[in-house]
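Structural overview for review
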Amino acid sequence: MQQSGGFNIVPGFSSNEGGSDGGIIIYEKKVSLSSAQILTLNSNPVVLIDAPGSGKMIDLISAVGQYNFNTVTYTTNTNLSLFFEGSTVALFVWNNSLINQTFSRGIKPPIAFPSGTNPQYLQNTPIIAQVVNGNPTEGDGTVDLFLTYSIIEL
Amino acid sequence: MSLKRIKVSLTSNDILNIGSSPFILIPAGGPNTLIDTPSIIMKYNFGTIPYQVSTANLILIFGVVQASDAGNQYSTSSNSSIGLSSNKIFKFSGPSLNAPPVNMMPINQALRLTTLGNENPINGNGTADFYITYRILHL
């Protein structure tokens, strides 16, 4: 498992949870994936958000992906997905819509439908980026992920 | 208009009557208000017996139940939630904008949990916790 690098943690808006207006803390984080990371994103997923601690869970509210095309598009295994580490039910999926493109683009996917029996959300577990089935076979672009999330105390 | 979060816990008795007595998760905000819910997470706590619901899905609605899942605010398969024999945490996904509800965000309506067709589950003894991130929009 790779650790994400080159990102910023931006203090969110809103007041502290439990404050006078009952607001919650919203976090924003940018994670940049290099071409080398994308080319091994099945066998070596990247941790985007660390586990929040015992009794807590990440609520990933929004994920925006910006693909920066270079000269060669990624081929095969191009469903970029976000998961809780160990879960098989995705939170967000760019279903062959991002890194297989021949041009730069930004996409905000909808929340993935939580079908099946396996949990989609896991307590005290990091969120990872992964492509399913196998590693892409070629490509040299990069991806910036803009994540908006909060922490739930269960 | 800061985002807030509430935890709402449902007992087994609440779930067994969820069709005939829809459970209010967030009360209506008052005249000229809308409830915006960017995140609705359900934590199903399996007991010893799964609920049986024929084909009716669990739905979260504002206002009136529509004729199909596509016409409701949020839905999930009962077989993938309260029909399970194990714990599960998941997020409700929103409606398809290819077939949105007639009135997707009606004014001054509570957010309620029920089943499509207002069918009550039978048997079952698990509980559920909802973690809802929301804000009240004043028009």
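Only a predicted model underlies this, so the values are computations on that prediction, with no experimental measurement involved. (Residues numbered from 1 in each chain as written. Chains lettered and ligands numbered in written order. Predicted model: local features only at pLDDT ≥ 70, side-chain atom pairs only at ≥ 80, totals over all residues. Heavy atoms only, no water.)

Side note on the overall build of chain A
The line we're drawing: Secondary structure elements are taken from DSSP: a helix is a run of H or I of four residues or more, a strand is a run of E of two residues or more, and numbering for both begins at the N terminus. The protein chains shown are the only cover counted for residues, whose accessible areas, like all others here, come from Shrake-Rupley with a 1.4 Å probe.
In terms of regular secondary structure, chain A is built from 1 helix and 10 strands. Traced from its N-terminal end to its C-terminal end, chain A shows the element sequence β-β-β-α-β-β-β-β-β-β-β. In the structure as shown, chain A presents an accessible area of about 6,500 Å², 50% of it carried by carbon and sulfur atoms.

Overview of the pairing of strand β6 (residues 80–84) of chain A
Residue and element names in this part refer to chain A. This is how the line gets drawn: Accessible area is worked out with a 1.4 Å probe on protein chains only. A residue is then buried under 20% of its type maximum, exposed over 50%, and partly exposed in between. Two strands form a pair only when DSSP identifies at least two bridges running between them.
When you tally the buried positions in β6, you get 5 out of 5 residues, the bulk of the element. The alternating pattern of β6 places Leu80, Leu82 and Phe84 and Ser81 and Phe83 on opposite faces, both of which are buried. When β6 meets strand β7 (residues 92–94), the two strands line up antiparallel, connected through 3 bridges. In the sheet register, Leu80 faces β7, and the bridge partner there is Trp94.

Observations concerning the interface of chain A and chain B
Quick note on the threshold: Residue contacts follow a heavy-atom distance rule, with two residues in contact if any of their heavy atoms lie within 4.5 Å. In short, buried area is how much 1.4 Å probe accessible area vanishes from two parts on joining, totalled over both. Throughout this description, the term salt bridge denotes a Lys or Arg side-chain nitrogen within 4 Å of a carboxyl oxygen of Asp or Glu. Counting of polar contacts relies on pairs of N or O atoms within 3.5 Å, with two restrictions inside protein: one atom must be capable of donating a hydrogen and the other of accepting it, and residues adjacent in sequence are counted only when both atoms are side-chain atoms.
Listed per partner, the contact involves 29 residues of chain A and 23 residues of chain B. With both sides pooled, the region where chain A packs onto chain B buries about 2,000 Å², and carbon together with sulfur makes up 59% of that total. At the junction of chain A and chain B, the tally comes to 1 salt bridge. One salt bridge in this structure joins Lys91 of chain B and Asp59 of chain A, with 2.6 Å as the shortest N-O distance. Joining chain A to chain B, the criterion identifies 11 residue pairs in polar contact (both at pLDDT 80 or more).

What to know about the sheet that holds strand β8 (residues 127–138) of chain B
In a beta sheet, neighbouring strands are held together by backbone hydrogen bonds and run either parallel or antiparallel to one another. All names here are of chain B. Counted only if it meets this: Lines fitted to C-alpha atoms define the axes, with helix axes restricted to the stretch in contact, and inter-axis angles between N-to-C directions lie between 0 and 180 degrees.
The strand order across the open sheet formed by 4 strands is β1-β8-β3-β6, and the pairing between neighbours is antiparallel. Each of the sheet's edge strands pairs with one partner strand only, and the pair in question is β1 (4–10) and β6 (88–91). Going from strand to strand, the sheet's axes swing by 20 degrees on average, the running direction of each strand aside. By the bridge criterion, 11 bridges tie strand β3 (residues 33–45) to β8 in an arrangement that is antiparallel. Of the residues in β8, the one forming a bridge with Asn45 is Thr127.

Some thoughts on the packing of aromatic side chains
Defined as follows: For Phe, Tyr and Trp, where Trp contributes only its six-membered ring, two rings pair if their centres lie within 6.5 Å, and the inter-plane angle classes them as stacked under 30 degrees, edge-to-face over 60, or tilted in between.
By the definition in use, this model includes 6 aromatic pairs over all chains. Each member of the aromatic cluster is reached from another via a ring pair, and the members are Tyr67, Phe69 and Tyr74 of chain A.

A closer look at the pattern of salt bridges
Residue and element names in this part refer to chain B. Scanning the model with the defined rule gives 2 salt bridges over all chains in all. Linking Arg135 and Asp36 is a salt bridge whose minimum nitrogen-to-oxygen distance equals 2.9 Å. On the criterion of sequence distance, the pair formed by Arg135 in strand β8 and Asp36 in strand β3 is long-range, its members being 99 residues apart. Residue Arg135 is classed as partly exposed on the basis of its relative accessible area of 30%. Here Asp36 falls in the buried class, since its relative accessible area comes to 19%.

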